[in-house]
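Geometric and topological summary
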Amino acid sequence: MKFNLRARSRWALALLAFCSLAMARDLDQDEALQLRQQGVILPLEQLLQQALDRHPGAKLLEAELEEKHGVYIYEVELLDTDGVVRELDLEAATGRLLKDKED
């Protein structure tokens, strides 16, 4: 009985990990450029400015384009003036803020 529960738990964790990977995908620069040229997403520079305007004086740490559940999202990490890392998710097609939290 103990073995079955442990085996099921491992199976559930493996399935969860697989599903998490399937839900989010990082896009490379060629894919991002193609989407931008097609007008599917806004320029990163425009949305970076929006993120920096929310946190004056912050420094950019990282920015990447992801596809989650069929939606393109810019994930931006900033270091604010208090030394706190913030993670912002912006919908790449519209610029709408989806998330702004401490990381």
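Here the structure is a predicted model, which means the values were calculated and not measured.

**Quick word on the pattern of salt bridges**
- Under the counting rule described, the total for this entry stands at nine salt bridges.
- Between Arg96 and Glu91 there is a salt bridge; the shortest N-O distance is 3.0 Å.
- What you see here is one network of salt bridges that share partners, running through Glu66, Lys68, Glu87, Asp89 and Lys99.

**A closer look at unusual backbone geometry**
- In the Ramachandran plot, His69 falls in the positive-phi region, its phi being about 55° despite a non-glycine side chain.
- Within the secondary structure, His69 is located in the loop between β2 (59-68) and β3 (71-79).
- The exposure class of His69 is exposed, given its relative accessible area of 62%.

**Points about the pairing of strand β5 (residues 97-102)**
- Of the pairings in the sheet, the one linking strand β4 (residues 85-91) to β5 comprises five bridges and is antiparallel in character. Bridge pairing in β5 places Leu88 opposite Asp100.
- Once β4 ends, the chain turns through five residues before running back antiparallel as β5, passing Gly95 with a positive phi of about 85°.

**Concerning the side chain of Arg86**
- Along the polypeptide, Arg86 turns up in strand β4.
- Within the structure, Arg86 has its side chain in polar contact with the side chain of His55 (distance 3.4 Å).
- A polar contact of 2.9 Å, which involves the side chain of Arg86, links it to the side chain of Asp100.
- With near-sequence residues (within four places) excluded, Arg86 lies in contact with His55, Val76, Glu77, Leu78, Asp80, Asp100, Lys101, Glu102 and Asp103.

**Looking at the sheet that holds β3**
- The five strands lie next to each other as β1-β2-β3-β4-β5, forming an open sheet whose pairing is antiparallel. The two strands at the open ends of the sheet, each matched to only one other strand, are β1 (24-26) and β5. Between one strand axis and the next, the sheet turns by 25° as a mean value, whatever way the strands run.
- Taken together, the seven bridges between β3 and β4 define a ladder with antiparallel strand orientation. Bridging across to β4, Leu79 finds its partner in Val85.

Cut-offs applied
- Residues numbered from 1 in each chain as written.
- Predicted model: local features only at pLDDT ≥ 70, side-chain atom pairs only at ≥ 80, totals over all residues.
- Heavy atoms only, no water.
- Salt bridge = Lys/Arg side-chain N within 4 Å of Asp/Glu carboxyl O.
- Helix = DSSP H or I, 4+ residues; strand = E, 2+ residues; numbered from the N terminus.
- Buried < 20%, exposed > 50% of the residue type's maximum accessible area, 1.4 Å probe, protein only.
- Pairing = 2+ DSSP bridges.
- Polar contact = N/O pair within 3.5 Å; in protein donor to acceptor, adjacent residues only side chain to side chain.
- Contact = heavy atoms within 4.5 Å.
- Axes fitted to C-alpha atoms, helices over the stretch in contact; angles between N-to-C directions.

By themselves these figures say nothing about function.
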